[in-house]
Amino acid sequence: MDFALSEEYTLIRKTARRFAKEVMRPVAEEYDESCQYPYEIVEEAKKLDLIAPSIPEEYGGAGMDFLAAAIVIEELFRGDPGIALAVSARIFGSDMLLDFGSEEQKQKYLVPVAKGEQVMGSAITEPEAGSDVASLKTRAELVGDQYVLNGSKMFITNGSIADFLIVFARTDTKPPERHGGITAFIVETDSPGFIAEPLHKKLGIRAADLAELTFKDVKVPQENIVGKLGMGFYHLMTFFARGRTAVAAQAVGIAQGAFDEALKYAQERRQFGKPIADFQAIQFKLADMATDIEAARLLVYKAACEIAKGGNPAREASMAKLFASRVAREVANEALQIHGGYGFIKEYPVERFYRDAKITELYEGTSEVQRLIIARSLLGKI
Ligand SMILES: Cc1cc2nc3c(=O)[nH]c(=O)nc-3n(C[C@H](O)[C@H](O)[C@H](O)COP(=O)(O)OP(=O)(O)OC[C@H]3O[C@@H](n4cnc5c(N)ncnc54)[C@H](O)[C@@H]3O)c2cc1C
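In this text, all values refer to a predicted model and were calculated from it rather than measured experimentally.

(A) Focus on the overall build of the chain. Each helix and strand counted, the chain has twelve helices and ten strands in total. On C-alpha atoms alone, the chain measures out to a radius of gyration of 21 Å, which is about the 21 Å that the 2.2 N^0.38 rule sets for 382 residues. In terms of principal-axis extent, the alpha carbons of the chain reach across some 80 × 45 × 40 Å. Pairs at least 24 apart in sequence give 75% of the contacts found in the chain among residues at least 6 apart. Carbon and sulfur atoms make up 52% of the accessible area of the chain, which amounts to about 17,200 Å² in all.

(B) How the structure looks around the pattern of salt bridges. The final tally for this structure, using the stated rule, is 28 salt bridges. Of the charged contacts, one joins R17 and E75 as a salt bridge, the two residues approaching to 3.0 Å between their closest N and O atoms. On the criterion of sequence distance, the pair formed by R17 in helix 1 (residues 7–24) and E75 in helix 4 (residues 66–79) is long-range, its members being 58 residues apart. R17 gets classed as partly exposed once you look at its relative accessible area, which sits at 37%. Note on E75: relative accessible area 1%, which makes it buried. Between E294 and R297 there is a salt bridge whose closest N-O contact spans 2.8 Å. A residue pair is termed a helical-turn pair when its members lie 3 or 4 positions apart in one helix, as E294 and R297 do in helix 9 (residues 280–308) at three residues. Look at R297 and you get buried, because its relative accessible area is 12%. Connected through shared salt-bridge partners, R13, R17, E74, E75, R78, D260, E294 and R297 make up one network.

(C) Summary view of the nonpolar core. One finds L76, L97, I166, F168 and I338 to be the most contacted residues of the largest nonpolar core, which totals 103 residues. The biggest single contributor to this core is helix 8 (residues 232–268), with 17 residues. Leaving out residues up to four positions away in the same chain, L76 has contacts with A16, F19, A20, M24, L50, A84 and V87. Membership of the second largest hydrophobic core comes to 18 residues, among which are A123, L149, F194 and L213.

(D) Representation of the site of the ligand. For the ligand, the set of nearby residues contains 19 residues, the closest of which are T125, S131, F155, T366 and E368. Within the side chain of S131, an N or O atom sits 2.6 Å from an oxygen atom of the ligand. The fraction of the free accessible surface of the ligand (980 Å²) that becomes covered by protein chains is 64%. At the level of secondary structure, the elements contributing two or more residues to the shell around the ligand comprise strand 1 (120–123), strand 3 (146–157) and helix 12 (367–378). Here the element with the most residues in the shell around the ligand is strand 3; it accounts for three residues. Tallied by class, residues from the shell around the ligand come to eleven nonpolar, six polar and two charged. Both of domain 2 (120–230) and domain 3 (234–378) provide at least three residues apiece to the shell around the ligand.

(E) Quick look at helix 3 (residues 39–47). Within helix 3, the full set of buried residues consists of I41, V42 and A45. Burial along helix 3 is one-sided: seen end-on, the buried residues are contained in an arc of 100°. For helix 3, exposure combined with an orientation more than 90 degrees from the buried face picks out E40 and K47. Residues of helix 3 that are buried make contact with helix 1, helix 2 (28–34) and helix 5 (81–88). Immediately beyond the C-terminal end of helix 3, within one or two residues, lies D49, with a positive phi of roughly 65°.

(F) Broad picture of the packing of aromatic side chains. Here the structure, examined in full by the defined rule, presents eight aromatic pairs. In this structure an aromatic cluster arises from ring pairing among Y265, Y342 and Y348. Above the face of the F240 ring, R244 is positioned so that its terminal group lies 4.0 Å from the ring centre.

(G) Focus on a nonpolar patch on the surface. Taken together, the side chains of Y342, F344 and I345 present a nonpolar region at the surface, about 340 Å² in accessible area. Here I345 shows up in the loop between helix 10 (314–338) and helix 11 (350–357). Using a relative accessible area of 39% as the deciding quantity, one classes I345 as partly exposed.

(H) Region of the structure containing unusual backbone geometry. Phi is positive for D217, which is not a glycine, with a value near 50°. Relative to the assigned elements, D217 resides in strand 7 (residues 210–221). One non-glycine residue, E364, adopts positive backbone phi at about 60°.

Quick notes on the rules
Residues numbered from 1 in each chain as written. Predicted model: local features only at pLDDT ≥ 70, side-chain atom pairs only at ≥ 80, totals over all residues. Heavy atoms only, no water. Helix = DSSP H or I, 4+ residues; strand = E, 2+ residues; numbered from the N terminus. Rg over C-alpha atoms; globule rule 2.2 N^0.38 Å. Contact = heavy atoms within 4.5 Å. Areas by Shrake-Rupley, 256 points an atom, 1.4 Å probe, with all protein chains shown as cover. Salt bridge = Lys/Arg side-chain N within 4 Å of Asp/Glu carboxyl O. Buried < 20%, exposed > 50% of the residue type's maximum accessible area, 1.4 Å probe, protein only. Core = buried A, V, L, I, M, F, W, Y, C linked by side-chain atoms within 4.5 Å. Near = heavy atom within 4 Å. Polar contact = N/O pair within 3.5 Å; in protein donor to acceptor, adjacent residues only side chain to side chain. Nonpolar A, V, L, I, M, F, W, Y, C, P; charged D, E, K, R; others polar. Domains from an automatic or database assignment. Arc of directions from axis to C-beta. Phe/Tyr/Trp six-rings, centres within 6.5 Å; stacked < 30°, edge-to-face > 60°. Lys NZ or Arg CZ within 6 Å of the ring centre and 35° of its normal. Patch = residues over 30% accessible without salt bridge, like charges linked within 9 Å, V, L, I, M, F, W, Y side chains within 5 Å.

Next up, the structure:
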């Protein structure tokens, strides 16, 4: 693993960093307040190849590797996590198409998403099935030559703006194994019976779209099955390492963004006749924060490099996500503390980082779930 990073990575980092600073940050508060999806910013991101860094060029992406994708994510989230999620999650679920989609599905669905012309999402979670994915109840029944979907999904990123979603539904109610009988379908969101209700009242990442979905007799052609019938759960597990490493990169970006604000503020704010950065208590906070961020970044790069080499590092990805998300929450908390009372009002960006950090401990598997995976891997159970 080369942490000096080649010229290619340095260049993409610079591009993403400048975009985050000059295009995203000035409008971050506005989008956080309004909870509107940042379409104009997405248009700008498209021009710089920031939408789909690691999707192969033959399918419309920028053709870089997963380390480059992690670097882009980190820099965008350092600028503003809400807008960054709106930009970077437009391809959420594309791994499913890349790994298991047919060539026709890739051409029809993956290419427009990678080019930034369409938005996709991945619908797994249900009101009563979160961490326990295998307990999902959304039903897909074969009627004639097509499937009919009924059920509901909860907390779906891009749910109300996506052109299509990869929906995980039950095709067998009594599978021989607990994790069997689930199938992934491409569902076009203009299908009759598909209803999306946006969820606006969020703690953080408010520029990104989130929705609750209902499926009422939604008809889906058989050719929209992604991968193998009944194998959806197992397919999903094969790309969780990528999703979790991506969230860990988000967390590093959030921590770094909050730290940047704290470092600046500590040198500007004067008390007792000197900048608060002169007090050792503040210096020690900054030192600990910077050290934790660097450690988290190395875990992310380690997992990202494994993925770039074609590996599927489940344990490393879970470790990176578990650690980096805690660092994001703790660093954002300390950064706010360094701002004193000013951190508690909207005058400074730090309160947004504080709110935005929390999500990284929740989605793509909570921290408790990451610990279960790490422990099972240590015990040789997966
Ligand atoms: C902003 C946002 C965006 C999201 N985007 C998507 C998306 O695009 N697609 C999608 O499918 N989902 C998405 N999710 C859903 C997310 O992945 C789930 O919220 C998450 O997996 C947790 O599920 P849950 O909320 O049902 O919590 P639960 O599973 O009910 O967990 C509640 C608590 O119990 C703990 N817990 C559960 N089981 C165990 C156990 N065995 N051992 C120890 N502790 C346990 C959990 O860690 C948690 O602390 C999103 C969620 C949010 C908030």
